[in-house]
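Chain residues, written in single-letter form:
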Amino acid sequence: MSRTRTALALGTAAAGAIALASVTASAAPLPVAGSTTVTPAGHDFKATLSGKATLKAGSVTVTCTVSVSTGTVPAAPGNSNPAGPVSSPISPPTYSSCTSSMPGVTPTVTTSGAWAVTMQDGAPITATMTVPVGGLVLKTTGLASCTVTAAPTAAASVGGTWVNGAPSSLTFANASVPVKVTGGFGCPTSATASVFNAVYKVADTTDPAQQITVGP
């Protein structure tokens, strides 16, 4: 066989191998989500901030020390999903006692819309908070007048983790949240995402003797 034909054959074989690998890779099944059950079914819960919550956009960090949200575990059988997560609607979290890293600036946080938290059993147990479009707006007054709108064009999913306990805890560690920043001098208008950190303790308010628990 001539060198030209040999090179052509090798090239064709290599292309075939690449094509086969691509088909094989694309055909690989996605991981199947495991079952999830949140208990006690139908119980109300309250998530209370432990420590502080921070929202950083650009070089500006806003810190709040008070935050609360409430919700209800779905009634049976909706509290259990054999092939995936369980979602619960929650009240828009309130944020107060907030300060800014910018001197002479006072921040105010308002929330609205249909919020939710979705739990998926696993190792670790994951928790995803859904922020509706424009569901959180942070405004500053004083030396800088800025407006930071979270989830400005579409609902946003904020990833966190859940740990069962007495009470259970919901943690958001360096979670990314899309934002739009408007305002004048001193406002981080080039920022398109913020970093959110917070730990919430979640208590059963229907029966305080019980705990909100996520399992398979």
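Below: a short report on this structure. Fair warning: this is a prediction, and the values are worked out from it, not measured in the lab.

The rules behind the values
Residues numbered from 1 in each chain as written. Predicted model: local features only at pLDDT ≥ 70, side-chain atom pairs only at ≥ 80, totals over all residues. Heavy atoms only, no water. Disulfide = S-S within 2.5 Å. Helix = DSSP H or I, 4+ residues; strand = E, 2+ residues; numbered from the N terminus. Buried < 20%, exposed > 50% of the residue type's maximum accessible area, 1.4 Å probe, protein only. Pairing = 2+ DSSP bridges.

## A closer look at the state of the cysteines
So, step 1. Across all of its chains, the model carries two disulfides by this definition.
So, step 2. The residue that forms a disulfide with Cys 146 is Cys 187, at a sulfur-sulfur distance of 2.0 Å. Residues Cys 146 and Cys 187 are joined through a disulfide that is left-handed, its torsion about the S-S bond being -90°. In this pair, Cys 146 is assigned in strand β12 (residues 146-150) and Cys 187 in the loop between β14 (168-183) and β15 (193-204), connecting sequence segments 41 residues apart. A single burial state applies to Cys 146 and to Cys 187, both of which are buried.
So, step 3. When the bonded cysteines of the protein chain are counted from the start of the sequence, the pairing works out to 1-2, 3-4.

## Examining unusual backbone geometry
So, step 1. In the segment running from Ala 123 into Pro 124, the intervening peptide bond is cis, with an omega of 10°.
So, step 2. Its location among the elements puts Pro 124 in the loop between β9 (115-120) and β10 (125-131).
So, step 3. The omega torsion of the bond from Ala 166 to Pro 167 falls at 5°, within 30 degrees of zero and hence cis.
So, step 4. Residue position: Pro 167 is located in the loop between β13 (156-163) and β14.
So, step 5. We note that Ser 97 has phi near 55°; this positive angle belongs to a residue other than glycine.
So, step 6. Inspection of the secondary structure puts Ser 97 in strand β7 (residues 94-100).
So, step 7. When its relative accessible area of 47% is taken as the criterion, Ser 97 is described as partly exposed.
So, step 8. One non-glycine residue with positive phi stands out, namely Asn 174, at about 50°.
So, step 9. You can see Asn 174 is positioned in strand β14.
So, step 10. Under the relative-accessibility criterion, Asn 174 is labelled exposed at 59%.

## Comments concerning the sheet that holds strand β1 (residues 36-39)
So, step 1. Spatial ordering of the open sheet is given by β5-β1-β16, a layout of three strands whose pairing is antiparallel. Among the strands making up the open sheet, the edge pair consists of β5 (80-81) and β16 (213-215).

No statement about biological role is implied by the geometric values presented.
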